[in-house]
Amino acid sequence: MKHSTRKTLVTCVALVVVAASTLLAVGSFIGMHSASALASGISSVTDYPVPGGDPWGTAFDRSGRVWVALPGCDLAPSCPSSTPPGKLALFDPNALNWATIVSLPAGYGQPLFVAVDSTGKVWFTMPVTNAIGVYDPASTTVAQWAVPTTAAGPWGIAIDSKGTIWFTEHYTNQIGSFDPNSRTFHEVATPASNSQPYGITVDATGNIWFTENLDAVALIGEYTNQGVLQEYKIRNTPTGGTGLTPHLITIDPSGNIWWSEGWVSSIGLLNVAAAQPGTNNGVTEYHYTPSCGSCGSHTSGISADKQGLIWLDDSLQNTFGSFPIGGGSFTFYNSPGGHPHDGLNVDSQNRVWFDEEFANKLAEAIQSGSPTPTPTSTASPTPTATSTPTPTPIPTSGTTLATDTFQRANQSFWGTASNGQTWGGDANNYSVFSISGNAGVVSNTGAASYSAVLGPTAANAEVYATGSLSSFVNSNFGDVLRWTDGNNWYKAFVDGSSLIIQKKVAGTTTILASVPFTATGGTSYTLHFRVVGSTLTANVWAASASEPGGWMVTTSDSTLTSGYCGLRLLTQSGTATMTSFQAKSL
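## Remarks on unusual backbone geometry
Most peptide bonds are trans, and most residues other than glycine sit at a negative phi.
Then comes step 1: The omega angle of the peptide bond from A76 to P77 is 0°, so this bond is cis rather than trans.
Then comes step 2: With respect to the helices and strands, the residue P77 is situated in the loop between β4 (66–70) and β5 (87–92).
Then comes step 3: Positive phi, close to 50°, is recorded for S265, a residue that is not glycine.
Then comes step 4: Mapped onto the elements, S265 comes out in the loop between β20 (257–260) and β21 (266–270).

Below is the structure:
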């Protein structure tokens, strides 16, 4: 049956019994219903062909629409390096169409899992290119940041109540977080060097829960809101070689933790009240017997609904099903497409959504008693909006040279950065520098300018720095690149009325380029300055907003070829307050 024609089924049980294989065309919806699932508990299942290949993770926006990651390859556990960038797609259950399709631009990877933040931005992991990405539907721009650990393989993703992005690093046995405001990463290693973290979620109190996927490890990890890593055994017996590979993880309405168990036809439960780190206290495994004994079994997707059921899928059995949270029996239904796996999620209306990777479809299962949305459109599955995003100029690769969050005790000078490196230039030599209130402060300097540099030298590099000036009168602050001393550097800075790129060579300063930009005293701004070869580019924006697409100012100069990354500040009439700094080689 061609995907381009929408099909439906009469969903009465009598019809299923009499003619379960009969498909009746009654309208022009884009889905295809599966008669085999029309039984007690599920009233209908509908397939929607996806506008891309190999659908993977799913997430809901505030309107109940479904974002789907479309990597265009089957990560097992990676993709060929020749695989083109993937897509993100947004399905509207009311209009029954793909409302937005985002084709990621060159330099991006294949999105695997997705999560939507409180502002509607869509965050996604790209393990092959080792980056975290975000799509902003409001501005239709994308941006990405390389994970600090090389070849970390960012995998599962979740967002906490503060907007921090959490992810597992499947290839390097760590979990990581990314702060969108300071644009800084934090990584936490598991005790085992072969844990292969997979799924991740956040509970109501901000504790991070994740699975450690390799069967020789097979643990449930918790990174508490106090910054403590704890682990819970699933079994007290050795698990190596058993196929016990915890995959995705979810939280039920009572706050207890559930996970899928991979190759052992089971799901697991951790009763948090009875849990004790280092033991399997509070753990219960629930096993089912696959209906197809020769097909193999792989339990992966898992999600909790609001009606007391845990939903799961088995990609090799080609089934999805439910299990009562209080205990009982599994109920399974045939998937209408092929290979349901990591994209199973239950929405606020208790509709069960799951991707069918090898059928290139998104499936919707409506539970008996759940509201059935009335389509607002009978149009074909042509998207109502196709987005060609503008990539924000954020590196896809490179090595982090230096970072500082300035989160440390009040002190004179800037001392040692949060990454353990010592600030150079003037930052530890002049009393105008201090740490106060978890910020790097440069007090009134009179007519002098001062430099602060951090990390090793680099030729091609970029700096992100966030901070404010109490007044821009005869004052400015900015990033420096290829700095060798106070008389030789490139600088991008704001002075209250302009964004300027300047050079200083042998003590002589020259403005290379500038654009108008109004900056206000007391407002925090982020400056992004990059040099590659002879090309210098810069952006600036209010730290509460997103980086502009493209570059605000671009110029060329080849005088300086290498040097340090840092900051340069003139605070003749006020005080500078810096809250984050990051430098990276390119």
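## Some words on the layout of surface pockets
Then comes step 1: Space inside the largest pocket adds up to approximately 1,100 Å³.
Then comes step 2: Of all the secondary-structure elements, those providing two or more residues to the lining of the largest pocket are β3 (58–60), β7 (114–116), β11 (154–159), β15 (197–202), β19 (249–251), β23 (299–304) and β27 (345–346).
Then comes step 3: Here the second largest pocket defines a volume of roughly 880 Å³.
Then comes step 4: T164, S177, D179, T184 and H186 are, among the 33 residues lining the second largest pocket, the residues nearest its centre.

## Regarding the sheet that holds strand β46 (residues 563–571)
Then comes step 1: Taken together, the seven strands give an open sheet; going across it, the order is β34-β37-β46-β39-β40-β41-β42, and neighbouring strands pair in antiparallel fashion. Bordering the open sheet on either side are β34 (424–425) and β42 (508–516), each of which pairs with just one other strand.
Then comes step 2: Sheet topology places strand β37 (residues 449–458) next to β46; seven bridges connect them, and they run antiparallel. Note that in β46 the partner of L454 across the bridge is C565.

## Focus on the state of the cysteines
Then comes step 1: Tallied over the entire structure, the rule returns two disulfides.
Then comes step 2: Between the sulfur atoms of C73 and its disulfide partner C79 the distance amounts to 2.0 Å. Looking down the S-S bond of the C73 and C79 bridge, the torsion is 70°, so its handedness is right-handed.
Then comes step 3: Each sulfur in the disulfide pair C292 and C295 lies 1.8 Å from the other. The S-S bond linking C292 to C295 shows a torsion near 70°; that makes this disulfide right-handed.
Then comes step 4: Judged by relative accessible area, C292 falls into the partly exposed class, the value being 23%.
Then comes step 5: Once the disulfide-bonded cysteines of the protein are ranked by sequence position, their pairing pattern turns out to be 1-2, 3-4.

## Topic: the sheet that holds strand β14 (residues 184–189)
Then comes step 1: What the four strands build is an open sheet, ordered β11-β12-β13-β14; its pairing is antiparallel. Taken across any chain shown, the strands that pair with only one partner, and hence form the sheet edges, are β11 and β14. Recorded for the sheet is a direction-independent mean angle of 20° between the axes of neighbouring strands.
Then comes step 2: Here β11 runs beside strand β12 (residues 165–169); their pairing, made up of four bridges, is antiparallel. Each bridged residue has a counterpart across the sheet, and for I159 the counterpart in β12 is I165.

## Thoughts on the side chain of Q367
Then comes step 1: By the element assignment, Q367 lies in strand β29 (residues 361–367).
Then comes step 2: A distance of 3.1 Å separates a polar atom in the side chain of Q367 from a polar atom in the side chain of Q307.
Then comes step 3: Engagement of the side chain of Q367 in a polar contact is seen with the backbone oxygen of N350, the distance being 2.8 Å.
Then comes step 4: Discounting chain neighbours no more than four positions away, the residues touching Q367 are G41, I42, S43, D305, Q307, L309, W311, N350 and V352.

## Digging into the pattern of salt bridges
Then comes step 1: As enumerated under the stated definition, the model contains nine salt bridges in all.
Then comes step 2: D61 is the salt-bridge partner of R65, the closest N and O atoms lying 2.9 Å from each other.
Then comes step 3: Accessibility expressed as a relative area gives 27% for R65, which makes it partly exposed.
Then comes step 4: Residue class for D61 comes out buried when judged on its relative accessible area of 13%.

## Let's talk about the packing of aromatic side chains
Then comes step 1: A complete count under the given rule lists 34 aromatic pairs for this structure.
Then comes step 2: Residues Y288 and F332 carry aromatic rings whose centres are separated by 4.7 Å and whose planes lie at 55° to one another, so their mutual orientation is tilted. On the criterion of sequence distance, the pair formed by Y288 in the loop between β22 (283–287) and β23 and F332 in strand β26 (residues 331–334) is long-range, its members being 44 residues apart.
Then comes step 3: The class for Y288 is buried, based on a relative accessible area of 5%.
Then comes step 4: You can call F332 partly exposed: its relative accessible area is 29%.
Then comes step 5: Counting every residue linked through ring pairs, the aromatic cluster contains F406, W414, W423, Y430, F433, Y450 and F581.

About the thresholds
- Residues numbered from 1 in each chain as written.
- Predicted model: local features only at pLDDT ≥ 70, side-chain atom pairs only at ≥ 80, totals over all residues.
- Heavy atoms only, no water.
- Helix = DSSP H or I, 4+ residues; strand = E, 2+ residues; numbered from the N terminus.
- 1 Å grid on protein atoms, 1.4 Å probe; cavity = no way out; pocket = protein on both sides within 12 Å on 5 of 7 lines; lining within 4 Å.
- Points joined across faces, edges and corners; volume = space filled by probe spheres on them.
- Pairing = 2+ DSSP bridges.
- Disulfide = S-S within 2.5 Å.
- Buried < 20%, exposed > 50% of the residue type's maximum accessible area, 1.4 Å probe, protein only.
- Axes fitted to C-alpha atoms, helices over the stretch in contact; angles between N-to-C directions.
- Polar contact = N/O pair within 3.5 Å; in protein donor to acceptor, adjacent residues only side chain to side chain.
- Contact = heavy atoms within 4.5 Å.
- Salt bridge = Lys/Arg side-chain N within 4 Å of Asp/Glu carboxyl O.
- Phe/Tyr/Trp six-rings, centres within 6.5 Å; stacked < 30°, edge-to-face > 60°.

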